[in-house]
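These are the residues of each chain, in order.
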Amino acid sequence: MLEPQDEVRIVGQYYDGKTARLVRKYGPGPRIHYHVGHYPSAKTPLNVEDATADDIRRSIRTHQEGLLRYAAKIWGAEHRLSGRILDVGCGLGGGSLFWAQEYGADVTSVTNAPEHAPIVEGFAREAGVGEQVRTVVCDAMHLPLDGPYDAAVAIESSGYFNRPQWFERLSRVLRPGASVCVEEVFTTRPHGADVWAEYFYTKPASVRDYAEAAQAAGFELVDDVDATAETLPFWEESAAWTKAVLESDTGLSPVERRQLRISLLANQALGTEWGAGGLRLGFLRFELK
C-alpha cells in the first residue's frame, strides 16, 4: 500500500504529464478549465456528428465557464468569494482567474503539480490579475497557515484529498463563518465509483462522507445542489472532440493515438454511468461555525 505522500506525488506527476493534452483540448489560455461543463437545457447545442474538433472545443469551453457562473450564483460569490480565497487543486488556474477577474478575489492557487505553478502565474499576468493570484505548490492537507482566508473553493479536485485532514486544516486557515465551496463527482453505487477511479486514479466519496468529515472539523453543510442532468452533455461533447481529433489529425504519434483511444473509451463509459445514475455531480457549501 502506498504511503499518503507517495499518493500525492503520483497524482502530481499524473497531472504534470497531462499538461500539453489539457491545453490542446481545453485551451487556449489564459482561462483553461479541467472540469465538466454546465448545460442548462441538459442538451448539447451542437450536432456533434457534423461539428469540427474546434467547434466542439469552443462549446466545451463555453459550458465550462458556464459551470463556474452557475457555481457563483449558487454560492453567492459576490459576497462569499470576493475576498481572500483558496483555490485548492487549481489545475491550470482557470478557476483562480475567474474568481479574480469576475469577483475581484485575492486568490491563493494551490497545486501539487509543480509544472503547473509557473503556467498559472503566467496566465494570471496575461489576464491582468498577476497581483491577485499567487501559486503555492503543496498538497491539500498542508495548506499554508497564513490566513485567515474568507473561503476555500475546490472544483473537481477534492476527490483526491484525505477529507478529514483537509477539513481539519481548513478549520485552521479560514475565519469563523467562512465557506468551503465544493463542486465534485459523488458516488451513488460501487460500479460508478469504479468507472471513475479507473480513469482518474481516485474513487469518489458520497455526500455523507463529506458532511461527516466536515462536521468533525467544525463545519456545517448548508447547501447541496444536484446538477447531474445538466452536466451529462459534457461527456457527449468530450467524446466527440476526441473522436474528431482521431479522425482528422494525421500527424498524431502512435502514443498519442493510444492515449486518445483510452480517453474516448473512458468518456463513453463515464457518460453511460452518469446517465444511468451511477455517479452524481453536486455543488456543496459548508460554513465554519
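Here the structure is a predicted model, which means the values were calculated and not measured.

## Considering the overall build of the protein
Next up, step 1: Each helix and strand counted, the protein has 12 helices and seven strands in total.
Next up, step 2: Computed over its C-alpha atoms, the radius of gyration of the protein comes to 18 Å, within 12% of the 19 Å expected for a compact globule of 289 residues.
Next up, step 3: In terms of overall dimensions, the protein has C-alpha extents of about 55 × 45 × 40 Å along its principal axes.
Next up, step 4: The 289 residues of the protein split such that 54% are buried.
Next up, step 5: Taking the intrachain contacts of the protein between residues at least 6 apart in sequence as the baseline, contacts between residues at least 24 apart amount to 78%.

## Comments concerning the pattern of salt bridges
Next up, step 1: Applying the stated criterion across every chain, the model contains 17 salt bridges.
Next up, step 2: Here R24 ties to D249 by a salt bridge, and the two come within 2.6 Å at their closest N and O atoms. Of this pair, R24 sits in helix α2 (residues 19-26) while D249 sits in the loop between α11 (233-248) and α12 (254-275); the two residues are 225 residues apart in sequence, bridging distant segments of the chain.
Next up, step 3: Between E65 and R69 there is a salt bridge, with the nearest N and O atoms lying 3.8 Å from each other. Residue E65 and its partner R69 are both found in helix α3 (residues 53-75); the two are separated by four residues, about one turn of the helix.
Next up, step 4: Classification of E65 by relative accessible area gives buried; the value is 15%.

## Here we look at helix α7 (residues 163-173)
Helical geometry note: an α-helix holds 3.6 residues per turn, so side chains three or four residues apart project in the same direction.
Next up, step 1: What α7 keeps buried is the set R163, W166, F167, R169, L170 and V173. The buried residues of α7 occupy an angular sector of 160° when projected down its axis, which confines them to one face.
Next up, step 2: Residues of α7 that are buried sit in contact with β1 (84-88), β4 (149-155), β5 (174-187), α9 (207-216), β6 (219-226) and β7 (279-288).
Next up, step 3: N-cap assignment for α7: the residue whose side-chain oxygen lies 3.1 Å from the backbone N of Q165 is N162.

## A word on the environment of A151
Next up, step 1: Residue position: A151 is located in strand β4.
Next up, step 2: Separated by 56 residues in sequence, A151 and V207 place their C-alpha atoms 20 Å apart.
Next up, step 3: Apart from the residues lying within four places of it in its own chain, the contact partners of A151 are R80, L81, R84, I85, L86, L174, A178 and S179.

## Section: the packing of aromatic side chains
Next up, step 1: Under the criterion given, the structure shown has 17 aromatic pairs.
Next up, step 2: Where W75 meets F283, the ring centres are 5.9 Å apart and the plane angle is 65°; that geometry is what we call edge-to-face. Of the two residues, W75 sits in helix α3 while F283 sits in strand β7, which places them 208 residues apart along the sequence. Residues W75 and F283 agree in their burial class; the two are buried.
Next up, step 3: Chaining the aromatic ring pairs together yields one cluster made of W196, Y199, F200, F234, W235 and W274.
Next up, step 4: R84 extends its terminal NZ or CZ atom over the ring of Y149, reaching a point 4.3 Å from the ring centre.

## Points about the sheet that holds β1
Next up, step 1: If you walk across this open sheet you meet the seven strands as β3-β2-β1-β4-β5-β7-β6, and the pairing is mixed. This sheet does not close on itself; its edge strands, each paired only once, are β3 (133-137) and β6. Averaged over all adjacent pairs, the angle separating strand axes in this sheet is 20°, with direction ignored.
Next up, step 2: Pairing geometry for β4 and β5, over six bridges, is parallel. Paired with A154 across the strands is V182, a residue of β5.

## What to know about the nonpolar core
Next up, step 1: By size, the foremost hydrophobic cluster in this structure holds 60 residues, and its most contacted members are W75, L81 and W99.
Next up, step 2: Sort the elements by how many residues they give to this core and α3 lands first, with nine residues.
Next up, step 3: Core analysis: the next-biggest nonpolar cluster, separate from the first, contains 31 residues, V110, A152, F161 and Y210 among them.

## A few points about the packing of α2 against α3
Next up, step 1: Across the interface, α2 lies against α3 with an axial gap of 8 Å and an inter-helix angle of 95°. The angle between α2 and α3 falls in the class roughly perpendicular. Judged by residue contacts, R24, K25 and Y26 of α2 engage R57, I60, R61 and Q64 from α3.
Next up, step 2: Its residues assigned to classes, the contact of α2 with α3 comprises two nonpolar, one polar and four charged.

What counts as what
- Residues numbered from 1 in each chain as written.
- Predicted model: local features only at pLDDT ≥ 70, side-chain atom pairs only at ≥ 80, totals over all residues.
- Heavy atoms only, no water.
- Helix = DSSP H or I, 4+ residues; strand = E, 2+ residues; numbered from the N terminus.
- Rg over C-alpha atoms; globule rule 2.2 N^0.38 Å.
- Buried < 20%, exposed > 50% of the residue type's maximum accessible area, 1.4 Å probe, protein only.
- Contact = heavy atoms within 4.5 Å.
- Salt bridge = Lys/Arg side-chain N within 4 Å of Asp/Glu carboxyl O.
- Arc of directions from axis to C-beta.
- Polar contact = N/O pair within 3.5 Å; in protein donor to acceptor, adjacent residues only side chain to side chain.
- Phe/Tyr/Trp six-rings, centres within 6.5 Å; stacked < 30°, edge-to-face > 60°.
- Lys NZ or Arg CZ within 6 Å of the ring centre and 35° of its normal.
- Pairing = 2+ DSSP bridges.
- Axes fitted to C-alpha atoms, helices over the stretch in contact; angles between N-to-C directions.
- Core = buried A, V, L, I, M, F, W, Y, C linked by side-chain atoms within 4.5 Å.
- Parallel < 35°, antiparallel > 145°, perpendicular 65-115°, else oblique.
- Nonpolar A, V, L, I, M, F, W, Y, C, P; charged D, E, K, R; others polar.

It is worth stressing that arrangement in space is one thing and function is another; only the former is reported here.
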